[in-house]
There are 2 protein chains.
Amino acid sequence: MYRTHNCGELRLKDVGKQVSLSGWVQSGRDLGGLTFIDLRDRYGITQLVFSMDDNVDLCERARKLGREFVIAAKGVVNERSNKNMNRETGDIELMVDEFEILNPSKVPPFTIEDDTDGGDELRMKYRYLDIRRNPVKNNLIFRSKCSLEVRKYLDEQGFIEIETPFLIKSTPEGARDFVVPSRLNQGTFYALPQSPQTFKQLLMVSGMDKYYQIVKCFRDEDLRADRQPEFTQIDCEMAFIHRDDVLDNFEGLTRHLFKSLLYVNLDEFPRISYDDALKYYGSDKPDIRFDMKFTELSELAKGKGFSIFDEAELIVGICVKNVNLSNKELKELTEWLRRPQIGAQGMVYISYNEDGTLKSSIGKYFTEEELNGWKSVLNAEQRDLVLILSGEKERTRKQMSELRLEMARRLGLMKDGDFKPLWVIDFPLLEWDEEEKRFFAMHHPFTSPKRDEIEKMMSGDLETLKNLKADAYDLVINGNEIGGGSIRIHDRELQEKNFNLLGFTPEEAEKQFGFLMGAFEYGAPPHGGIAFGFDRLCAVMNNQTTIRDYIAFPKNNQGKDIMIDAPDTIDDKQLDELGLILKTVNNYQ
Amino acid sequence: MYRTHNCGELRLKDVGKQVSLSGWVQSGRDLGGLTFIDLRDRYGITQLVFSMDDNVDLCERARKLGREFVIAAKGVVNERSNKNMNRETGDIELMVDEFEILNPSKVPPFTIEDDTDGGDELRMKYRYLDIRRNPVKNNLIFRSKCSLEVRKYLDEQGFIEIETPFLIKSTPEGARDFVVPSRLNQGTFYALPQSPQTFKQLLMVSGMDKYYQIVKCFRDEDLRADRQPEFTQIDCEMAFIHRDDVLDNFEGLTRHLFKSLLYVNLDEFPRISYDDALKYYGSDKPDIRFDMKFTELSELAKGKGFSIFDEAELIVGICVKNVNLSNKELKELTEWLRRPQIGAQGMVYISYNEDGTLKSSIGKYFTEEELNGWKSVLNAEQRDLVLILSGEKERTRKQMSELRLEMARRLGLMKDGDFKPLWVIDFPLLEWDEEEKRFFAMHHPFTSPKRDEIEKMMSGDLETLKNLKADAYDLVINGNEIGGGSIRIHDRELQEKNFNLLGFTPEEAEKQFGFLMGAFEYGAPPHGGIAFGFDRLCAVMNNQTTIRDYIAFPKNNQGKDIMIDAPDTIDDKQLDELGLILKTVNNYQ
């Protein structure tokens, strides 16, 4: 037996017991006649003690143990004279009688500490060592607990977990598929699913009215920071429901996860329309941990001779509470806004001073009385700072959104542990691409318009179509899109119309999605669903901004696993069996 | 709201309530002034009643509803005068006031009944209709419950579920990989995992000492009956353990699943060596629901002048209790054995009659006294039938195993609901291929020899190597291999030796598995694990022989999904982006 206990469980009550522990040598130190070794495993660290008085040979062997050696040690649990209050096992130590080296270790390429000296690439290459570090280990344990809580909750609600296939069919619409050449049917390919969308809809047609799955999905995209070619979704679908049934269920799930894993009781989730989200936050994923809602100022600010405002499509301001910036700070903020990433032309400010005076960059164009008159609209008081941007509507909203977030960051309003979820609803159904002169699906081609817009969709003109609302919704927490979904089309005719609007010929629609439209003809119930990004959810719940450390073996930004060195070349025999020829001799051979 | 209740939950206590139900029209019948419709959903069937007296128009609309129409109906729950005891809702019916057709249905291509008239291919093409049938639906629900129980149990035991990657590296050893061409790194390929083997071992190196995952695996094999290119494993690994820790844990898991899902208390699992399994059952996955163990008879039967026995490498008999076959039946049984699938030359029998006499096909060569003397060895009594085969050892054992199973089938000894698990242990480490003059791994190249055989492995000659025992084990239930695993090598030198024995050059071993051997140099703990075939486990727990109906969307025997028509051709643009050319114009374009 390698161990009777783990390295995190011995306490004062165990003093006097004969036990054995196995684990990794975290560190060692010699103090006169004693040698101390911190032995680590997944559960914690226990101090081992070797005494020169008791056993010279054993103690000398212990002194030769290197970092990360794996050993098994036997001995008696002893109360420590010098207790370590920062460690759960800090009251005791193990007086070692006997130990065995189970495996030695080379010196690890970075320190196995909470704060390591290893860079990203090095940690990726030796991921198995990186996972020994508490932060990464704890993330993976959190993820495991979270997935189990998801399952317990959904099971309680009558959801059935059903595995959908990974080897499916490629559909060129949307993001790029990863494909898998078929050997038994040379010249044809499977595709890896970007999501189980069509299968979960078929399950609704099959009567499995509450489906879920925690499932890997795949997208062959040009990788941006914090995107992974394979990622995990909590994927759900329900039949005989309306939008609010989905929102209620998954608000309940979210609430359960925060409660059971973080002991956080979330308030009810506000619901805000897509249009309002843009109007008040300039973003369809607003962070509502702090206020600074947008106020549109055209009515007050136009026609006073300030040409920048007069010519602007939108004039929008935010009120920053209890802030007074120096001229230098205001100038620096304007520079920040002018960087190409943001691209604002300039910024207008009004500083309502404590003494009742004000300072403003547009004092030339507006009287003090006028600017004081803006306060009530802006919800501003003395000591507040109002920041105003103007210009083309969409661009100005984006810039103001960035400014709002930046002010919150600077003022420390994005507090860890403060979680403010909300639902964004009533998304547009279709996005018009002015260059290509065609529609794209805002969500995906299976999303239903809102019930009272179906008729408009079947017969409306271009302008009507541009304004159609979808029965689609996103869950947003602290400015992160956690999930999204929609009520689906369950009627063949409406689905055909949607494909038609999205530029599919009837033949293309039939070839790619004929199986789904066919299924709609055999009694498809009304249905809808949602998917949460599981990696993102785990990260957001832990106030993290990157998903990579919630994934045991992530790919780097080039889509490579640098630990196992994948992707890699394959044998000519394999290529031959698949009936494939490489177009060019690649650079990796 | 589409429904207040589902179609399986209304009871006598609900009589008088105003409710609404949604579901599919299972069947309808008109009886004078009344029309009855059976409305079905996932939860059951409820009878709807429409009365000509109450509402002619409504009743006439109801009479036009076709099979599988989806409707929502409102009304009052009524006690039935004519109760249906075979149905949980059979005490009540819904007197319908109002209903809406949510979606009509074409006539389904096969009946949605427990026993359908649909053939396999048709049911696969319309899988979404097939899942509406109770047998398939219940299988999927069972599978979902089973996976949740697996997770609950392993979580209780401290196991962490960790997702391993799907886009990994191809390793030509073993079965064929499915590969995924990389677009960002043209000319290179990912492979889909045949199992998470190397990753779970790396997780052990990383200190996550109890890992599990319910995970899809992929094998591009020439498909045999009841094989699927993608299948699901319960995959586990543990560190700081010996073989019996793994067996105890997963015996516990199996026991928990049978208890919680089937209310079956399993006996303790016997453990039998691979050698004994072959000796006593002729198979490494014996069905021990019945006895008929093999008895080797060489000592008794040789040297009596019966040349067939005298020349045989093995003479082996089984005792079939309380059976007396006629000459015709014995002849038919011999014919059955001679079919090419079995390939036996002939069969010897001894029938110990009730009256103390005996009848035997070898009466010419052996005295009655001799044959009576065999009884105690064979554990035979009066009224028993002994069947004997002889010849080359391995082949004869296989034939006898088939005969044993056939006799059990004929005698009804393979009882549904009777579950007899066992562990087969001490498998050979290496299999010698006489034609290729090389070793193959019996389990896989990461399997450790038994501890006391490591030295023999490092330095043994060919004969020694052929007889090495692995620390490997299989779980067998009722003749089905449910799972298998082993203690792994955790030492670089031993792993290199194993690759060498398996015919890898050091360069090949390094290219393919260098990352794993490298990890062994940084403090790899002793570890081992197991994987259960989840599809198979579900089928066996339900006394089924085929896994296909425990998979929501299976592939057919050609690896095709005929519902969605995958695999399929892909766009030239996709091929181009991947840097691939098809060798021949395929037949599918």
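Residues numbered from 1 in each chain as written. Chains lettered and ligands numbered in written order. Predicted model: local features only at pLDDT ≥ 70, side-chain atom pairs only at ≥ 80, totals over all residues. Heavy atoms only, no water.

(A) Region of interest: the domain arrangement of chain A. Taken domain by domain, chain A consists of domain 1 (12–103), domain 2 (135–266 + 532–562), domain 3 (290–410) and domain 4 (427–470 + 491–524). The C-alpha centroid of domain 3 of chain A is placed 41 Å from the C-alpha centroid of domain 2 of chain A. (Domains from an automatic or database assignment.)

(B) Main features of the pairing of strand S5 (residues 92–103) of chain A. Residue and element names in this part refer to chain A. Here strand S3 (residues 44–51) pairs with S5 via two bridges, running parallel. Along S5, the bridge assignment pairs Leu-48 with Leu-94. Sheet topology note: the strand S4 (residues 70–79)/S5 ladder contains ten bridges and is antiparallel. Its bridge partner being in S5, Lys-74 is matched across the sheet by Glu-98. (Pairing = 2+ DSSP bridges. Helix = DSSP H or I, 4+ residues; strand = E, 2+ residues; numbered from the N terminus.)

(C) Region of the structure containing the side chain of A:Asp471. All names here are of chain A. Here Asp-471 lies in the loop between helix H15 (462–466) and strand S20 (472–477). Here Asp-471 sits buried without a salt bridge, and the closest side chain of opposite charge, Lys-450, lies 4.4 Å off (N-O distance). Once residues within four sequence positions are removed from consideration, Asp-471 is found in contact with Arg-243, Ser-448, Pro-449, Lys-450, Gly-485, Ser-486 and Ile-487. (Buried < 20%, exposed > 50% of the residue type's maximum accessible area, 1.4 Å probe, protein only. Lys, Arg positive; Asp, Glu negative; His and termini not counted. Salt bridge = Lys/Arg side-chain N within 4 Å of Asp/Glu carboxyl O. Contact = heavy atoms within 4.5 Å.)

(D) Expanded view of the interface of chain B and chain A. The interface of chain B with chain A comprises 129 residues on the first partner and 129 residues on the second. Here chain B and chain A share an interface that buries about 11500 Å² over both sides, 59% of which is from carbon and sulfur atoms. When the buried surface of chain B facing chain A is broken down by residue, B:Tyr2, B:Phe240 and B:Tyr522 rank first, second and third, together holding 8% of it. The partner of B:Arg3 in a salt bridge is A:Asp209, and the shortest N-O contact between them spans 2.7 Å. The interface formed by chain B and chain A holds 60 residue pairs in polar contact (both at pLDDT 80 or more) in total. In terms of residue class, the side of chain B that touches chain A is made up of 65 nonpolar, 28 polar and 36 charged. (Buried area = accessible area lost by both parts, 1.4 Å probe. Polar contact = N/O pair within 3.5 Å; in protein donor to acceptor, adjacent residues only side chain to side chain. Nonpolar A, V, L, I, M, F, W, Y, C, P; charged D, E, K, R; others polar.)

(E) Molecular detail of the nonpolar core. If you look at the biggest cluster of nonpolar residues, it comprises 86 residues, and the most contacted ones within it are A:Leu192, B:Tyr128 and B:Leu192. The element contributing the most residues to this core is helix H17 (residues 506–519) of chain A, with six residues. Setting aside its immediate chain neighbours within four residues, A:Leu192 contacts A:Phe166, A:Leu167, A:Ile168, A:Asp177, A:Phe178, A:Val180, A:Phe218, B:Leu167, B:Val180 and B:Leu192. If you look at the next biggest cluster of nonpolar residues, it comprises 65 residues, including A:Leu140, B:Leu468, B:Ala472 and B:Phe504. (Core = buried A, V, L, I, M, F, W, Y, C linked by side-chain atoms within 4.5 Å.)

(F) Spatial organisation of the relation of the copies chain B and chain A. Screw-axis analysis of chain B against chain A gives a translation of 0.0 Å along the axis, an RMSD of 0.0 Å, and a rotation angle of 180°. Here the transformation between the copies is reduced to the relation of a two-fold axis. In this assembly the copies share their binding face: 100% of the residues contributing to the interface of chain B also contribute to that of chain A. (Least-squares fit on C-alpha atoms with pLDDT ≥ 70 in both.)

(G) Seen up close, the packing of aromatic side chains. Tallied over the full model, the rule gives 49 aromatic pairs over all chains. Grouping aromatic residues by their ring pairs yields a cluster made of A:Phe306, A:Phe309, A:Tyr365, A:Phe366 and A:Trp374. The ring of B:Tyr126 has B:Lys125 sitting right over it, with the charged end atom 5.9 Å from the ring centre. In this structure, B:Lys293 packs its charged tip against the face of B:Tyr280, placed 5.4 Å from the ring centre. (Phe/Tyr/Trp six-rings, centres within 6.5 Å; stacked < 30°, edge-to-face > 60°. Lys NZ or Arg CZ within 6 Å of the ring centre and 35° of its normal.)

(H) The pattern of salt bridges, seen in detail. Inspection of every chain in the model, using the stated rule, returns 118 salt bridges over all chains. A salt bridge links B:Arg123 to B:Asp120; the nearest nitrogen and oxygen atoms lie 3.4 Å apart. One end of the pair is B:Arg123 and the other is B:Asp120, both in helix H2 (residues 120–125) and three residues apart, which spans about a single turn. Members of the salt-bridge network, linked through shared partners, are A:Arg243, A:Asp244, A:Asp248, A:Glu251, A:Arg255, A:Arg271, A:Asp426 and A:Lys450.

(I) Local environment of helix H5 (residues 197–205) of chain B. Across the nine residues that make up H5(B), a large majority, nine, are buried. Residues of H5(B) that are buried: B:Gln197, B:Thr198, B:Phe199, B:Lys200, B:Gln201, B:Leu202, B:Leu203, B:Met204 and B:Val205. The inward-facing, buried residues of H5(B) contact strand S1 (18–31) and helix H3 (127–130) of chain A together with strand S9 (210–218), strand S10 (230–239), helix H17 (506–519) and strand S22 (527–533) of chain B. In the stretch just after H5(B), B:Gly207 is the one whose phi turns positive, near 95°.

(J) Broad picture of helix H13 (residues 393–410) of chain A. All names here are of chain A. Under the 1.5 Å per step criterion, the end-to-end length of H13 is 25 Å for 18 residues, consistent within 8% with the ideal 26 Å. The elements touched by buried residues of H13 are helix H7 (274–281), strand S12 (295–296), strand S13 (314–320), helix H10 (327–338) and strand S16 (385–391). In this structure Glu-392 caps H13, since a side-chain oxygen of it lies 3.2 Å from the backbone nitrogen of Glu-394. Where H13 terminates, the next one or two residues include Gly-412, which has phi positive at roughly 70°. (Expected span 1.5 Å × (residues − 1).)

(K) Structural view of the pairing of strand S20 (residues 472–477) of chain B. All names here are of chain B. Judged by how many residues are buried, S20 sits mostly within the fold: six of six residues are covered. Burial along S20 is two-sided: Ala-472, Asp-474 and Val-476 facing one way and Tyr-473, Leu-475 and Ile-477 facing the other are all buried. Where strand S17 (residues 421–425) meets S20, five bridges bridge the pair, whose relative direction is antiparallel. Residue pairing in the sheet places Pro-421 in a bridge with Ile-477 of S20. Looking at chain direction, S20 and strand S21 (residues 480–487) are connected through six bridges and run antiparallel. Within S21, the position partnered with Asp-474 by the bridge is Gly-484. With antiparallel pairing between neighbouring strands as the criterion, S20 and S21 make up a hairpin whose turn holds two residues, including Asn-478 at a positive phi of roughly 50°.

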